[in-house]
Amino acid sequence: MSERLKNGLLSAVVFAVVSMSFSYFAEGEIRWNNFIGLAIGGFVSWYFIIPRINKRRADKKKG
């Protein structure tokens, strides 16, 4: 499994658990649309966006 996929899946799980915990303790119920949205957003951000930002940052340091 690639490092990007591991990071994407891990962040999706972490974002989902944090949103579920916060929603349950702050509002008294689990908001499933937030849970699903943050899981998808966490995966997309750590699989696509963060590696691109890190690559550009590394390119700027080289040149």
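Residues numbered from 1 in each chain as written. Predicted model: local features only at pLDDT ≥ 70, side-chain atom pairs only at ≥ 80, totals over all residues. Heavy atoms only, no water.

A short note on the packing of helix α1 (residues 3–27) against helix α2 (residues 32–62)
Running from amino to carboxyl end, α1 crosses α2 at an angle of 150 degrees, the nearest separation of the two axes being 7 Å. In terms of orientation, α1 lies roughly antiparallel with respect to α2. Seen along the crossing, α1 lies across α2 with a hand that is right-handed. Contact residues: α1 offers R4, L5, N7, G8, L9, S11, A12, F15, A16, S19 and M20, while α2 offers N34, F35, L38, A39, G42, F43, W46, Y47, F48 and P51. Residues of the contact of α1 with α2, tallied by class, amount to 14 nonpolar, 6 polar and 1 charged. (Axes fitted to C-alpha atoms, helices over the stretch in contact; angles between N-to-C directions. Helix = DSSP H or I, 4+ residues; strand = E, 2+ residues; numbered from the N terminus. Parallel < 35°, antiparallel > 145°, perpendicular 65-115°, else oblique. Left-handed = near helix turned anticlockwise from the far one by under 90°. Contact = heavy atoms within 4.5 Å. Nonpolar A, V, L, I, M, F, W, Y, C, P; charged D, E, K, R; others polar.)

Thoughts on the side chain of S11
Residue position: S11 is located in helix α1. Contact partners of S11, with chain neighbours within four places excluded, come to G42, F43 and W46.

By themselves, these are just geometric observations and shouldn't be taken as functional.
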